[in-house]
Amino acid sequence: MRTTAIATLAFVLLGAAVLAVPAAAQEEAQPPADARGEFEEELDVTEVLLDVLVTDRQGNVIIGLGPDDFIVEEDGERVPVADVSFYSNRRLAGPAPQALAGRLEIQPLPEDRYFILLFEDMRQKEADSNVGLVSQQLDAARRAKEWIESELLPNDWVAVASYDFKLKLQADFTRDRKALGRAVDDAVRGKDPGKTWPSRTEAAERSEEPSLAVALPAGDELRRSSHRIYDGVALVAEAAGEIRGRKNLIFFTTGFGQLNSWGQYLEDPRYYPPMMQALNDNNVAAYMIDLTPNTVEHAMSDAMNQLAEETGGKYYFNFVNFLTPLSQIADENNGYYLLAYQSQRPRGASGYQKVQVRTANPQFQVKSREGYVYGEGPVRRGLLSSLGD
């Protein structure tokens, strides 16, 4: 969720009072110059762009909504939505439902879709758990290649990455199905693509094609910057941030985090918030696909569900075929709304703002990110401050 500063306003709160007194008395009513400064406040006015998925209970994309159909709140206070645009790959699942009958149907704006497949290496985890995680990962890879080959649309971009003890970019955004299939195989084998990608990076810089490689650290710096999985995910989010629109991180994993003495998941306050905020700040929704076999219960399911919920994605578990969640993710992202509204804060302030979004019609299902980073102060600088620690 990128925010763009559009103005800085200075309000002098004495103007109305000065105009209200007779001209002869104005000189007496005018406070000293240094006192007038106490009444001035400079505000940063920020345009917030928030992408929102709206579906019916069957998962069909809802079309035809406008600003009055959305309720956006910050800290419990409603903020007016200034503008709403609808972006679609023009593969909508049927017409608008009866709830929108009689309304003027808007024409969707054409939009590319972006998917990032991230595979966490299961070899060490299988050695620790002995529950068949490697075979699960291989099956997920096979289904991912089937999904790439049969279900991707002409305006879809896909990148492939893997993580073991560091982040590895196996394929930058491309529409080449064969190259993506090879990259998926490399990801589950843990292949190291090399320390640098000069030709790939230079080609991406010369073209207007989307790229993760351009923004990612290279070589040893990438290894140093991603020695925790939290760091790897945050790096992917930051690299995707310059690409306009909604990005979808499809993360094949068994979860990560820490457990208390009762075996319950605990959010790691050092690393989880910066990772989650980096995803939200860069319009990256996390779709978590659990590689744990259906017969095995584990506490990290709570971690995956939390990250999905807080970034506008979804957690998938207890399914028969990995193709099922992949198809559902693609269908869900056939269209989304981009909401624009203004937010004001004291000049120079920075922080993380939570946002609640719903529609006026309670029948509709809404997915959006839980917040965004504002300002250029320590919060934004601290999103990746833990990298390399």
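Residues numbered from 1 in each chain as written. Predicted model: local features only at pLDDT ≥ 70, side-chain atom pairs only at ≥ 80, totals over all residues. Heavy atoms only, no water.

1. A few points about the packing of aromatic side chains
Our working definition: Stacked, tilted and edge-to-face are the three classes applied to pairs of Phe, Tyr and Trp rings, where Trp contributes its six-membered ring and a pair requires centres within 6.5 Å; stacked means planes under 30 degrees apart, edge-to-face means over 60, and tilted covers the rest. The way it works is that DSSP assigns letters per residue, a run of H or I at least four long becomes a helix, a run of E at least two long becomes a strand, and they are numbered from the N terminus. In this scheme, a residue with accessible area under 20% of its type's maximum is buried, one over 50% is exposed, and one in between is partly exposed, where area comes from a 1.4 Å probe on protein chains only. Charge over a ring is defined by NZ of Lys or CZ of Arg lying within 6 Å of the ring centre and within 35 degrees of the ring normal.
Considering all chains together, one arrives at 11 aromatic pairs under this definition. Here the aromatic rings of F86 and Y337 are separated by 4.7 Å at their centres, their planes lie at 45°, and the arrangement is tilted. Taken together, the residues F86 in strand β5 (residues 83-88) and Y337 in strand β15 (residues 335-346) connect sequence positions 251 residues apart. Each member of the pair, F86 as well as Y337, carries the same accessibility label: buried. Each residue in the set Y230, F251, F256 and Y271 is aromatic and connected to the rest through ring pairs, giving one cluster. When the ring centre of Y374 is taken as reference, the NZ or CZ atom of R345 above it lies at 3.8 Å.

2. Considering unusual backbone geometry
In the Ramachandran plot, D75 falls in the positive-phi region, its phi being about 55° despite a non-glycine side chain. Along the polypeptide, D75 turns up in the loop between β3 (70-74) and β4 (77-79). For N283, which is not glycine, the phi dihedral falls at a positive 60°. Assignment of secondary structure puts N283 in the loop between α10 (272-281) and β13 (284-290). In this structure N283 comes out as buried when scored by relative accessible area, which is 9%.

3. Observations concerning the pattern of salt bridges
Note the cut-off: Salt-bridge detection follows one rule: a side-chain nitrogen of Lys or Arg within 4 Å of a carboxyl oxygen of Asp or Glu.
Per the stated rule, a full pass over the model turns up 20 salt bridges. As a salt-bridge pair, D192 and K166 come within 3.0 Å of each other at their nearest N and O atoms. Residue D192 is found in the loop between α6 (177-189) and α7 (198-206), and its partner K166 is found in the loop between β8 (156-163) and β9 (167-174); the two are separated by 26 residues along the sequence. Here K166 falls in the buried class, since its relative accessible area comes to 13%. The closest approach of N and O atoms between R228 and D231, which form a salt bridge, is 3.4 Å. Summarising the burial analysis for this pair, R228 and D231 share the class buried. Where salt bridges share partners, they join D51, R246 and R369 into one cluster.

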